Amino acid sequence: MEFLVTYNGAAKPMSVPGSKAVIGRKSRTHGGAPDLCLRPDRTVSRRHCIVWAEDGNYWVEDLGSTLGTFVNGLRRHSKWKISFGDRIDIGKTTLQLVPSTLEEMSGEAGQ
């Protein structure tokens, strides 16, 4: 999966292999790193949310984070369908899922 990650006004592309990504912040004391680490944003929980692909759709779900997960400005507690370009706000960081294959770019994935 491909993401555009924006923190403090700087945007950078980040990749996660596979079809599922736990998003959070690496901890020296709690062991285990998330699939997508949003450090240095200290407002991100260690296991903040999960994004995954299922049956041609993409989903996000908050994992009980302190500050919550927002999609396009609305707080989401349970499983929520997302699309390419949706704003996923996690702490002070914004993620956007971006297409990584020609099928995804043409909108034919999962159809």
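Residues numbered from 1 in each chain as written. Predicted model: local features only at pLDDT ≥ 70, side-chain atom pairs only at ≥ 80, totals over all residues. Heavy atoms only, no water.

Reading across the sheet, the six strands line up as 2-1-11-10-7-8 and stay open at both edges, with antiparallel pairing between neighbours. The sheet terminates laterally at strand 2 (10-15) and strand 8 (74-76), the two strands that pair on one side only. Each strand axis lies, on average, 30° off the axis of its neighbour in the sheet, ignoring direction. Looking at chain direction, strand 7 (residues 69-71) and strand 8 are connected through three bridges and run antiparallel. Counted as the bridge partner of Phe-70 is Arg-75 from strand 8. (Pairing = 2+ DSSP bridges. Helix = DSSP H or I, 4+ residues; strand = E, 2+ residues; numbered from the N terminus. Axes fitted to C-alpha atoms, helices over the stretch in contact; angles between N-to-C directions.)

Attention shifts here to the pairing of strand 11 (residues 93-98). Here strand 1 (residues 2-7) runs beside strand 11; their pairing, made up of five bridges, is antiparallel. When the sheet's bridge partners are listed, Leu-4 is paired in strand 11 with Gln-96. In this structure, strand 10 (residues 88-90) lies alongside strand 11, joined through three bridges in antiparallel fashion. Bridge pairing links Ile-90 to Thr-93 in strand 11. Between strand 10 and strand 11, which pair antiparallel and follow one another directly, the connecting turn spans two residues, one of which, Gly-91, has a positive phi of 60°.

This brings us to the environment of Ile-82. Summarising the element assignment, Ile-82 is placed in strand 9 (residues 80-82). Distance in space between the C-alpha atoms of Ile-82 and Trp-52 is 9.8 Å, their sequence separation being 30 residues. Sequence-distant contacts of Ile-82, that is, excluding residues within four places in its chain, are made with Val-51, Tyr-58, Trp-59, Val-60, Val-71, Ile-88 and Leu-97. (Contact = heavy atoms within 4.5 Å.)

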